[in-house]
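Observations on the three-dimensional arrangement
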Amino acid sequence: MKASILHAKVLPSLLGGTSRHPLPAELIHPSGSASDGTLEMLSLLSQALRFTRPFSPDSFAVEPEIKDERAILDAALRRPLIRFLKGKSATDHPARALARAFDRLRLRPHPFDLLMIDGFVRSHAEKLGPIAHHWADRQKPEAETLSYFDPELLDESNWAQARLSRRVAFLEQRRREDADAARALLESTWPNEEAEARFRLLQALQTRLSGPDQPFLNTLEKDRAPRVRALAAKFLSRLGAGGGNPSLLACLERIKQTESGLLRKRRVLQLELPANAKDQAASRWILQTFDEVSFNELAGAVNLSENDLIEASAKDDPLLLALALVATNDRRLDLLERVVEHLPHAWERMFESGLDSIGTMTEPERHRWAEIIVQPYRKELPTAYALWDWLHRLLDAAAPAPVMSILLKADLLKKLPNREHSSPPWLELLAAICPSPQRADLRAQLAGFEPALSANSLALLDILDGMEKNRTHV
Amino acid sequence: MPLSLDRIEALAPDQSSLAAARKLLKPASWPTLAEGEGLIWGECQGSGATPYRVAVNEADAGYKCTCPSRKFPCKHTLALMWMRVDRPTTFAPAPVPEWVKDWLSRRRGSSATPVKPRDESKPKSKASIHLTQTTETETVADAKAEQRAAAAHERARLEREAAVLAGLEDLDVWLLDQAQHGMANFVVQAAQSCRTISQRLVDSKASGLAGRLDALPTRLFTLPDPVRPTAAIRELGQIYLISQAYRRAAEIPPLLAADAKQAVGWSVTRETLLGDSDALRVDAEWRVFAVISEAQADRLRRVETWLWRESGTDQSPSCALLVDFVPLAGGATTGGYLVGDHVEAEMCFYPSAIPLRAQIATLKKGATQSSEPLKMPVGTLSACYAQYEEALATLPWLGTFPLTFRSATLRRTGSQLFIHEENGLSLPIASSQSNEVLPLASVGHVDGIGLWNSYEFTLAWAETSLGRWVRA
């Protein structure tokens, strides 16, 4: 009996039920008196179906060709990396450090490992190269996915296709070299950008913001994204154009101006906090109130130079905190340094305020920022884990060498209360924040801990060392 | 089988066990650490007054610990293995103590352990490894008792035969009912319907068929909706074939009859198989290319270790399958071998028209990890599929079968991935692997091996331009 006959005549009966669609009588050959032949037909059809070759499509989808110029992680590091990322970490600091190392060293995970480190890849896709980025986006509809392009060198012809963080960095660099050309570059791609990209790219205009930027900023007053409109208005206000900055007016309403001194009168400024803003709530109120104001605007509004503004605020901690936050936001580290001279606990106060970003600072600027706020604590470092955790998150880089030296010299780990329980997050954070040249010193300190407590941190240091060594040899 | 961190990681039931083991890596926690005759053992000071005794056989990663943990292996065993890898010098050479010998003598051994003939002249050991005092046992064979036991055994066999045949009659009636109601209808109520007949077959001592029917609904529901009714025809047709082959064993080739008997539920014990001088034995070098573990309804995990033959003649089976069962509660997911392990062993195959399942009769050389590419035949996927069809003609209820391929590509239509041979065959990749194999879609041509279950292809191993890819 041919398979085609079985398919045509027997299959419909067995699918619908032989009681309603009896099997064709001419095909039935019972194997014994007790059988009516139905089960024989069932097994015959079963075999015929098993011998039917699987369906082969005529055409297949064309897979996107993703060019990834990064080097693949060395084979010897693949297993340790998977083991580390699949293991239990007390914090996400090690994963952050690893992602940074991948990005900085222009490395990428082996494509075959992506599934095993899926959580890590999803969390840090931008830093792991285009192939990992494509992997992380694999569930998204095609329309939502971005182009996966990450060339070693960006120029004006290819910058628009790179991932956002690199584009922002490139635009800032161009602003420093040639502010007008950078703005023209941004204007050329502006209509095609998404809201998030528009906001982050516009932040780059803060670098060397000047009069010629005004026409472009004026066009943004009707942007669809409120964040972009607000940022454009802030920049316009700094340029002295547009309407008055409502945030500035709100700040000025709260700044009380008096004079002091017998022989030489000096202006004294004081921030009047709302009655319901106390302690931490006060810091948060300051952050919210001064978020949209620039240092230059503020100084101009009270008819003082920037340095005199700091001097006039020197006796008022809330106002100094506001100035520290504004200086950070403006990337005016020279002013921040002066503010911190009067507000040595700026680190703790800024942490309390809930500051969660230091804007578009470059890595050297972030390093300098950290040095400025940590320096006053060099004699007695804070042992609150939350402060260091916050510092690492905002830095998004290894600590600058001077900060790490202070940290290692202080031998902070020995002062931790309840060492058994508090150690793992600390050790992981220190390993994640430690710059390459100081890892040997950190290892020496870690040697004093139980292997179970320090194993994760040592494993992280080993992997980071391995990645750097491997990259140096390429 | 040298211990390694990878192997310990694979053996660990979960990450927390590894984390707990890490805390025991201090030599201070171990008053005794010793080695000898391929074994390592130690005493770990736990929270109790007496330390836990831990022993590990390095040859096959077999282990025993006296702690009450329900995880297998426990943290003490993992810690002992870990210390062996990290600092082997801390293990002092010593004569094997009685408690370790006692454990060794009572080990049944997994499929990875060769069987040593029991020395009948020695007394049987006590049940606990704490107690090692010798007992005086001298049993004189009682011929009459032996005869009585043989007669009872035969009576039990006949009773089971009768029960199985009665169960098969019920199965016929049930199958006929399903055919009359139609497979489209069967698919809708497969779970309830299969459970009923499966329980009846368990009562009839046809456990093999019962298990097959019990697993059928799950198998159907892993397939796309439209193909389920035809898949039900395929599966139920095979079950009828098995039951017919069992009843007509005298009319079919003996090896096929042996297959039918095993499929119905008559098991061949390891000892019986290895004691059978007629059993097919293949002495060769093997490479583990897949380890597949699957939880079963009976709270056991079935661990399949697939080995590819890398030496010897072309006539003998090119693949061997070791099957282990481990308790689900223990958390273990591996039989001890890792993908990529190279083994030199004599395999003893279960009697079958298409020999696949085997036991290790003699282990010549323990497992060592090898980075060498798998030695596969030069044939194409189509050629290999033709061999599968031949095997299917020989054994109509053939299950999972290994297929090799050369210079194939991974292609996609919609969300379905295929292993595709230019101008040849395309096999659908198992839906459970759709994420896992995705990176292979961009590496061009690959050589490899996988497992075909007549519905989908589970890719197990691929040699690519980016190195070796193996199933996770």
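Presented here is an overview of the structure given in this document. (Residues numbered from 1 in each chain as written. Chains lettered and ligands numbered in written order. Predicted model: local features only at pLDDT ≥ 70, side-chain atom pairs only at ≥ 80, totals over all residues.)

**Focus: the overall build of chain A**
Our working rule: Numbering of helices and strands runs from the N terminus; a helix is a DSSP stretch of H or I covering at least four residues, while a strand is a stretch of E covering at least two. Here the globule rule is a power law, 2.2 Å times the number of residues to the power 0.38, and the radius of gyration is based on C-alpha atoms. With C-beta atoms placed from the backbone, a residue is buried if 20 or more other C-beta atoms are within 10 Å of its own, exposed if 12 or fewer are, and partly exposed between those counts. Two residues form a contact once the distance between their C-beta atoms, set from the backbone, is within 7 Å.
Of the regular secondary structure elements, chain A holds 24 helices and 4 strands. Its C-alpha atoms give chain A a radius of gyration of 32 Å, clearly above 23 Å, the size a compact globule of 474 residues would have. Across its three principal axes, chain A shows a C-alpha extent of roughly 125 × 60 × 50 Å. Buried residues in chain A amount to 37% of all 474 residues. Taking contacts inside chain A between residues at least 6 apart in sequence as the whole, the part at least 24 apart equals 67%.

**Structural notes on the environment of Gln433 of chain B**
All names here are of chain B. Mapped onto the elements of the fold, Gln433 is located in the loop between strand 13 (426-428) and strand 14 (446-452). C-beta crowding within 10 Å serves as the criterion here: with 20 such atoms nearby, Gln433 is assigned to the buried category. Placed 38 residues apart in sequence, Gln433 and Arg471 show a C-alpha to C-alpha distance of 8.6 Å. In contact with Gln433, other than residues within four places in its own chain, are Thr458 and Leu459.

**A word on the nonpolar core**
Under the convention used in this document: Buried Ala, Val, Leu, Ile, Met, Phe, Trp, Tyr and Cys residues whose C-beta atoms connect them within 7 Å together make up a nonpolar core.
Leu42 of chain A together with Leu209, Ile242, Phe289 and Ile419 of chain B are the most contacted members of the largest nonpolar core, which totals 101 residues. With 10 residues, the top contributor of residues to this core is helix 9 (residues 228-247) of chain B. With residues up to four places along the chain from it excluded, the contact list for Phe289 of chain B reads Trp306, Trp308, Val339, Leu374, Ile449, Ala460 and Trp461 of chain B. Residues Trp135, Ile372, Trp388 and Leu430 of chain A belong to the second largest nonpolar core, which totals 86 residues.

**With respect to the interface of chain B and chain A**
The cut-off we apply is this: Charged means Asp, Glu, Lys or Arg here, nonpolar means Ala, Val, Leu, Ile, Met, Phe, Trp, Tyr, Cys or Pro, and polar covers whatever is left, Gly included.
Counting residues at the interface gives 48 residues for chain B, matched by 36 residues for chain A. Sorting elements by how many residues they give to the side of chain B that touches chain A places helix 9 of chain B first, with 9 residues. Here the side of chain B that touches chain A is built from residues that sort into 24 nonpolar, 14 polar and 10 charged.

**With respect to the pairing of strand 6 (residues 281-295) of chain B**
All names here are of chain B. This is how it is decided: Pairing between two strands requires that DSSP report at least two bridges joining them.
As judged from the 7 bridges shared by strand 6 and strand 9 (residues 341-349), these two strands associate in the antiparallel manner. Note on strand 9: the bridge partner recorded for Arg281 is Cys348. Bridge analysis of strand 6 against strand 7 (residues 300-309) gives 9 bridges, and the strand direction is antiparallel. Among the inter-strand pairings, Ala290 is bridged to a residue of strand 7, identified as Trp306. Where strand 6 folds back on strand 7, the antiparallel hairpin that results is connected by 4 residues, among which Arg299 adopts a positive phi of roughly 65°.

**Considering the sheet that holds strand 11 (residues 401-413) of chain B**
Residue and element names in this part refer to chain B. Keep this limit in mind: Only the contacting stretch of a helix is used when fitting its axis, a line to C-alpha atoms as for every element, and angles between N-to-C directions run 0 to 180 degrees.
Spatially, 6 strands are ordered 13-12-11-14-15-16 in an open sheet, and the strand pairing comes out antiparallel. This sheet does not close on itself; its edge strands, each paired only once, are strand 13 and strand 16 (467-470). Averaged over all pairs of adjacent strands, the angle between their axes in this sheet comes to 40°, without regard to strand direction. With 6 bridges connecting them, strand 14 and strand 15 (residues 457-464) associate as antiparallel partners.

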